[in-house]
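One-letter residues, chain by chain:
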Amino acid sequence: MWRVLLPAVILFVPASLRAAGETADAVRFETHVRPILKAHCWHCHGEGEEIKGALDARLARSLVKGGDSGPAIVAGNHAKSLLLERVSGGEMPPNGKKLTAAEVDTLASWIDQGAKTVREEPASLPPGHVFSEEERAHWSFQPIKRPLVPEVHAREAVRTPIDAFLLAALEAKKLSFGPPADRATLIRRVYFDLTGLPPSPEAVEKFVNNSAPDAYEKIVDELLASPAYGEHWGRHWLDVVGYADSDGYGVDPPRKWAYRYRDYVIRAINSDKPWNDFIIEQLAGDELLTPPYANLTPEQADKLIATGMLRMAPDGTSDSAVDQNLARNEVIANTIKIVSTSLLGLTVGCAQCHDHRYDPISHVDYHAIRAVFEPAYDWQHWRSANERLINLWTEETRKKAAAVEAELKQVGDERNAELDKIVSQVFDRELAKLPPEIQPAARAAHDTAAEKRTAAQNELIKQHPFLNVDRGTVYLYLPDRLTEFNKKWDDRTEATRKKMPADDYVQCLTEVPGQIPPTKLFARGDFKSPRQDVAPAELAILNAGGFKIAAHDPQLPTSGRRLAYARHLTDGKHPLVARVLVNRFWLHHFGRGLVATPGDFGALGQRPSHPELLDWLADDFMAGGWKLKRLQRMIVTSTAYRQSSQHRPELDAVDPENRLLGRMNVRRLEAEMLRDAILATSGKLCGKSFGEPVPITPDDVGQIVVGVDTRDSSGRPTGKVVDIGDEEFRRSIYVQVQRSKPLGMLETFDAPLMAPNCELRAASTNAPQSLLLMNNTFVLQQAEAMARRIEKEVGSDSAAQFKRAWQLVFCHAPTANQARAGVAFLGEQASLIAASPPVAGSGDAKDAKDAKAEPPKPAHMALANLCQALVISNGFLYVE
C-alpha cells in the first residue's frame, strides 16, 4: 500500500509545511514517518492508557530518547537503530500487519537524513490522539471556498463553468476537449444517465433531425421531469445507504415495510427536494415531529419514513441464535458506517476499536458520533423491529377499522348462533335414538360441564359419544350441511374483512421521550469493557468552529441530538458533506468521481483530480439551494459531457486514464440498467411505480429469479407457478432486495451485496456474464418478445425488421453494409431452422401457455436469434 501512497504524499507537501532549506523529496517525520508509526506502533506506544516499554512513538525526540530498551533510533545511522532492527526483522509490531519493505525504507531514509522534524516538538504529549498540523491541513478538512472560474484560451468551448475548470487543466498540458459526440450517441448517453433507460427510435430520430439550438436542453428538461429519473437516481442513493428488503442474518427474514423508504427516496428525488432537507429528514425526520406521531399528513409521514435510512443496516436482533448484545451493537456500528461513508466520505468505523490508523479520528471521536444515535438505538433497552413500527392510520381510519371489527364480531356472533342451533338439532336427533328411560340422564351429562361430571356421566358419554357434540365436532354428523354452512359464513366474513383498511406501517427510527442512555467508551470496541461516558459531538478534526451538541435539547421531547447534528452537516459550513455529494453525482455522469474514492476522502483516499472544480461545484450546489436537478442540468449541458469517447493519441500519451477528461469515458450499464434496458427494448417494461417489492424465488436450478416462492416448509419445490402478470416486468429498483438471495442476473453484473452498504460499484468483465446473456431464460424470453414487437411494428419484411431491431438496440440506424449483412443473417438463420424445425410446444411458453402450441415459424425464430445477438453485444452493454 505505501509503495503507492508515499510518492503521492511527498508530491503534495505544501511548501509552507517544509523546513527552511528542505527539498521537496526530503523524508519528513510529520508527513512520511508519523503515519507509519501511527498505523503500526501507536496502539502500544502512544495512544493507550499505558505506554509499553516506556517508549512513546508519537514524537521523534521520544524515539531518540528511547524507553526501557534504550534509544529506538540513532539519528544518521539506521543500521544502529533498534527500531529498524525490530521492524525489518518482523519482530515488531508483535501482532497484526507487518511493515512493508517500502515503509521500512522510508524509516531508514528518515533516520539517515538525521531524523529531522519540520518544527520543534513539545516536551511531551497528553495521552490519546493529538492532531498534527499536517493532519489538520489535509485537503478535505479545509473550508469550502468558491474559487474564481479560470480563464482559458478556447473560450468558444466553454458552455458552463465546469468546462472552464476542465479546459484550464487540459490546456496546461497543451491539450483540449475532444470532438462532440454525434447526436444519436449523445441522446442515448443522456437518456441512460438521467433515467437509466434507452430512448425510443422515434425520440432519437426526432432529436437527430431537430436543428433548433435548444433541442438538447429541452431533452434534458424532459428527462429531469420524467418519473423514470427518480427511479434511476434513487437507485444510486439506495446503494450508498445500503437499502435491502431483508435483515441479512440467519434465514434473512423480510422487512415488510422497508419499501416505504425506497418510495420516499424516489419521490424526493423526482420532486427535486433540496438535499439539505433530504439529509435532515433522513437523519432526524422524527425529531421534526411531535410524538406519538398520530394523524400525520402525508408530508409529516414522509419525515418519519425518511428515517428508514437509519434502519437499513443488517440487523440480527430478531434471530434468537445470535448473541443479542453483539447484534445490537453491530446494528449501531453499521449505521455509523452508512452515515459516515455516505455523508462524510470518511471511514469513521475504523476508529471503533482504537484510534484511526491513518485519519485523525480518535477512539473517543467514534463514540461521540455513536452518542448522537444511541438515544434511538439504546442497546440496553432494545426495541424489536415490530416495536419500532409506527402506524400511519389517521383517527378517521381507526374509526373505520373499529367499525369493521364490530361488524366482524357481529358476523361471528351470528355464525355461532346458527351453528349452535345446528348442534342442538343434531343432539336432539341423536338423543331421540336412545331408550326413553336414559334420555334424561344423557341430557344431564351433556349439559354438565366436563370438570363437574360424575363417573356415571363420563361412562355414559363414553358409550354415546354424540353426547359431546359441539361446534367443533358437529361436522361429523352433518358433513354436507356444514360444508354449505361454512362456505356461506366464510364468504360473508371475507367480504366484511375486505372492508378493513389496509395496514399502513412505517419502518423508522425514533426515540423514547425521556429515555436518554449514557454512551460509554468501549475499550477496544468491546461492549463488555465500558469506560468513561462520552458526550455527543462532531469529529474533533472537523470542529474548528466549536460546534456543540446538547445532551438534551429542552425544546424537544426527544434528545434532539440527531437533529442538531443533521443541521450542522447541512449548514453550508461543513467541509465534507457538499464535496462528498457533488463528487457522487459527478461519478454517475463521468464514470469516476473527481475524487476516485467516493467513500474515503481521508489519507488513504485519492486526492481530487480537479480540486478547484470540486470546491466550485460544492459551493455552487449549496448556493443554488442544494438542488440536484440544477447541478445535473449544468453537468449534462457542458461541453465536457457532450464530448465523443474517441481516443486521441496526443491525449492518451499524456493522460491514459483520462483523469483530465479530454474525452468522454465509456461506461458499462449497471446491472439494473441492463435488465431494465432489455425490458424496454422488448416492449415488456411495466411502468408501474412504488409499492411492495416484486417477489423473488429460486428456480429449478437454484438461480434467483423474479417470481413467487412456492416451496414447501422444507424448501422443496412444489411445482406450483403463480402468475404475477406485469409485476414480473417492473423496473429493477422495485424487485425485492434480499441480502442472502441476490437476483441472479443482477448479481452477475455486479449488483452490490449490502454489507452494510455500497460506496462504489465494481464493473467487472467475466465469462459468467457472457454465459448468462447467451443462456439465461429471461434474456431468451425478452429476445423473443422483442421479435414479436418488431413483427407487430414493421411486419414481415426482413430489411425493415433488421433496421428496427438495430435502432431499438443501438439507438441509431444501421449502415448499408450492416443492413445487408443483417438481412443475410436472417435468411440464413431461417433456412437452418427450417431444416431442423423445433418440436411443438418449444416456443415461448410464457405466452403460448399450451404444450401443444404450434412451434414458432423459422422466420420468427431467426428474428429472435438476431435480437438476442444484438442485446448481448458491447454496443448495447456500454454507453459511449
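Predicted, not measured: the structure shown is a model, and the values here were computed from it. (Residues numbered from 1 in each chain as written. Predicted model: local features only at pLDDT ≥ 70, side-chain atom pairs only at ≥ 80, totals over all residues. Heavy atoms only, no water.)

1. Considerations on the overall build of the protein
Where we set the bar: Strands here are runs of E lasting at least two residues and helices are runs of H or I lasting at least four, both read from the DSSP assignment and numbered beginning at the N terminus. Between buried and exposed lies partly exposed: a residue is buried under 20% and exposed over 50% of the maximum accessible area for its type, with that area taken using a 1.4 Å probe on protein chains only. Contacts between residues were defined by any pair of non-hydrogen atoms, one from each residue, lying within 4.5 Å. Per-residue and other accessible areas follow the Shrake-Rupley method at a 1.4 Å probe size, with only the shown protein chains counted as cover for residues. When charges are counted, Lys and Arg contribute as positive and Asp and Glu as negative, whereas His and the chain ends are disregarded. Think of each charge as sitting on NZ of Lys, CZ of Arg, CG of Asp or CD of Glu.
Scanning the protein from N- to C-terminus turns up 35 helices and eight strands. Judged by the C-alpha coordinates and their principal axes, the protein covers about 125 × 80 × 55 Å. Out of the 880 residues belonging to the protein, those deemed buried represent 52%. Within the protein, counting contacts between residues at least 6 apart in sequence, those at least 24 apart form 70% of the total. Accessible surface, the protein: about 40000 Å² in total, of which carbon and sulfur atoms supply 54%. Treating the 106 positive side-chain charges of the protein as one cloud and the 115 negative ones as another, the clouds have centres 1 Å apart.

2. Some details on the nonpolar core
The cut-off we apply is this: Among buried residues, the Ala, Val, Leu, Ile, Met, Phe, Trp, Tyr and Cys ones that are joined through side-chain atoms within 4.5 Å form a nonpolar core.
Core analysis: the largest hydrophobic core is formed by 182 residues, its most contacted members being Val190, Trp237, Tyr261 and Trp586. Apart from the residues lying within four places of it in its own chain, the contact partners of Trp237 are Tyr261, Val265, Trp275, Phe278, Gln282, Met309, Ser342, Leu343 and Leu581.

3. So, the pattern of salt bridges
What counts is decided by this rule: A pair is scored as a salt bridge if a Lys or Arg side-chain nitrogen falls within 4 Å of a carboxyl oxygen belonging to Asp or Glu.
Under the definition given, this model contains 54 salt bridges. Across the pair Asp504 and Arg260 runs a salt bridge, and its minimum N-O distance is 2.6 Å. Taken together, the residues Asp504 in the loop between helix 21 (479–497) and strand 2 (505–506) and Arg260 in helix 12 (residues 259–270) connect sequence positions 244 residues apart. For Arg260, a relative accessible area of 17% translates into the label buried.

4. Some words on the state of the cysteines
Where we set the bar: Here, two cysteine sulfur atoms that lie within 2.5 Å of each other are counted as a disulfide.
Under the defined criterion, the tally for this structure stands at zero disulfides. Counting only cysteine sulfurs, Cys41 is the nearest neighbor of Cys44, a cysteine outside any disulfide, at a range of 8.6 Å. With no disulfide of its own, Cys867 lies closest to Cys811 among cysteine sulfurs, the gap being 14 Å. For Cys867, a relative accessible area of 0% corresponds to the buried category.

5. Here's the deal with the packing of helix 8 (residues 183–195) against helix 11 (residues 227–241)
As a reminder, the rule being used: To obtain each axis, a line is fitted to C-alpha atoms, and for helices this fit is confined to the stretch in contact; angles are then taken between N-to-C directions over 0 to 180 degrees. Angles below 35 degrees are treated as roughly parallel, those above 145 as roughly antiparallel, those between 65 and 115 as roughly perpendicular, and all remaining angles as oblique.
The interhelical angle for the contact between helix 8 and helix 11, taken along N-to-C directions, is 70°, at an axis separation of 6 Å. Between helix 8 and helix 11, the interaxial angle falls into the category roughly perpendicular. From helix 8, Phe192, Asp193, Leu194 and Thr195 reach across to helix 11, where they touch Ala228, Tyr229, His232 and Trp233.

6. Description of the environment of Asn766
Where we set the bar: Here a polar contact is taken to be a pair of N or O atoms separated by no more than 3.5 Å, where protein atoms must pair a possible hydrogen donor with a possible acceptor and residues adjacent in sequence count only if both atoms sit in side chains.
With respect to the helices and strands, Asn766 occurs in the loop between helix 28 (744–748) and helix 29 (767–775). Sequence spacing of Asn766 and Thr748 is 18 residues, and the spatial spacing of their C-alpha atoms is 8.9 Å. In terms of polar contacts, Asn766 uses its side chain to reach the side chain of Ser764, at 3.1 Å.

7. So, the environment of Met786
In this fold, Met786 is placed in helix 30 (residues 777–794). Sequence spacing of Met786 and Leu866 is 80 residues, and the spatial spacing of their C-alpha atoms is 9.9 Å. For Met786, the residues in contact, after removing those within four places along its chain, are Thr681, Ser682, Ala805, Leu808, Val809, Cys867 and Val871.

8. A look at the packing of aromatic side chains
Our working definition: Here is the rule: rings of Phe, Tyr and Trp (six-membered ring for Trp) pair when centre to centre is within 6.5 Å. Planes less than 30 degrees apart are stacked, more than 60 are edge-to-face, and the remainder are tilted. In this scheme, the term charge over a ring applies when either NZ of a lysine or CZ of an arginine sits within 6 Å of the ring centre and within 35 degrees of the ring normal.
This model, assessed by the stated rule, comprises 23 aromatic pairs. Arranged with centres 6.2 Å apart and planes meeting at 50°, the rings of Phe207 and Tyr216 form a pair that is tilted. Here Phe207 matches Tyr216 in class, with each residue buried. The cationic tip of Arg183 hangs over the ring face of Phe207; the distance from NZ or CZ to the ring centre is 4.1 Å.

9. Let's talk about helix 8
Operational definition: Expected helix span is computed as 1.5 Å times (number of residues minus one).
Over its 13 residues, helix 8 extends 18 Å from the first C-alpha to the last, a length consistent with the 18 Å expected when each residue adds 1.5 Å. The buried fraction of helix 8 amounts to 12 of the 13 residues, a majority that puts the element mostly inside the structure. Those residues of helix 8 that sit buried are Ala184, Thr185, Leu186, Ile187, Arg188, Arg189, Val190, Tyr191, Phe192, Asp193, Leu194 and Thr195. Of the residues that open helix 8, the one with a side-chain oxygen 3.1 Å from the backbone nitrogen of Ala184 is Asp182. Remark: Gly196 follows helix 8 within two positions and exhibits a positive phi of approximately 75°.

10. Concerning unusual backbone geometry
That bond from Pro291 to Pro292 is cis: its omega, 10°, falls within 30 degrees of zero. The residue Pro292 is located in the loop between helix 13 (275–284) and helix 14 (298–306) in this model. Omega for the peptide link from Ala755 to Pro756 comes to -5°, which places this bond in the cis form. Here Pro756 lies in the loop between helix 28 and helix 29.

11. Here's the deal with the environment of Thr347
Here Thr347 shows up in the loop between helix 15 (324–344) and helix 16 (363–373). As a C-alpha pair, Thr347 and Leu604 span 257 residues in sequence and 9.8 Å in three-dimensional space. The contact partners of Thr347, leaving out residues within four places of it in the chain, are His356, Asp359, Gly599 and Asp600. A polar contact of 2.8 Å, which involves the side chain of Thr347, links it to the side chain of His356.

12. With respect to the side chain of Thr519
Inspection of the secondary structure puts Thr519 in the loop between strand 2 and strand 3 (520–522). A distance of 2.7 Å separates a polar atom in the side chain of Thr519 from a polar atom in the side chain of Glu374. Once residues within four sequence positions are removed from consideration, Thr519 is found in contact with His367, Arg370, Ala371, Glu374, Gln532, Asp533 and Val534.

13. A look at the confidence of the model for the protein
Put simply, the test is: A residue's pLDDT is the predictor's confidence in that residue, given on a scale from 0 to 100.
Per-residue confidence for the protein gives a mean pLDDT of 92, with 95% of residues at or over 70. Predicted confidence for residues 1–21 stays below pLDDT 50, and this span has 33 contacts to residues more than four positions away or in other chains. Overall, residues 843–851 carries pLDDT values under 50, and its contacts beyond four positions in sequence, including any with other chains, amount to 14 contacts.

14. Thoughts on helix 24 (residues 611–623)
Spanning 13 residues, helix 24 covers 18 Å between terminal C-alpha atoms, matching the ideal 18 Å at 1.5 Å per step. The buried count for helix 24 comes to 10 of 13 residues, which makes it a mostly enclosed element. Taken as a whole, helix 24 has its buried residues at Leu613, Leu614, Asp615, Trp616, Leu617, Ala618, Asp619, Asp620, Phe621 and Met622. At its buried positions, helix 24 is contacted by helix 7 (161–172), helix 13, helix 23 (577–590) and helix 25 (628–636). Looking at the residues trailing helix 24, positive phi occurs at Gly625, about 85°.

15. Comments concerning the packing of helix 32 (residues 816–835) against helix 34 (residues 858–871)
Convention followed: By convention, the crossing between two helices is left-handed when the near helix turns anticlockwise from the far helix through less than a right angle, and right-handed when the turn is clockwise.
Where helix 32 meets helix 34, the axes come as close as 8 Å, and the angle between the chain directions of the two elements is 125°. One way to sum up the angle between helix 32 and helix 34 is to call them oblique. The interaxial crossing formed by helix 32 with helix 34 has right-handed handedness. Judged by residue contacts, Phe825, Leu826, Gln829, Ala830, Ile833 and Ala834 of helix 32 engage Pro858, Ala859, Met861, Ala862, Leu863, Asn865 and Leu866 from helix 34.

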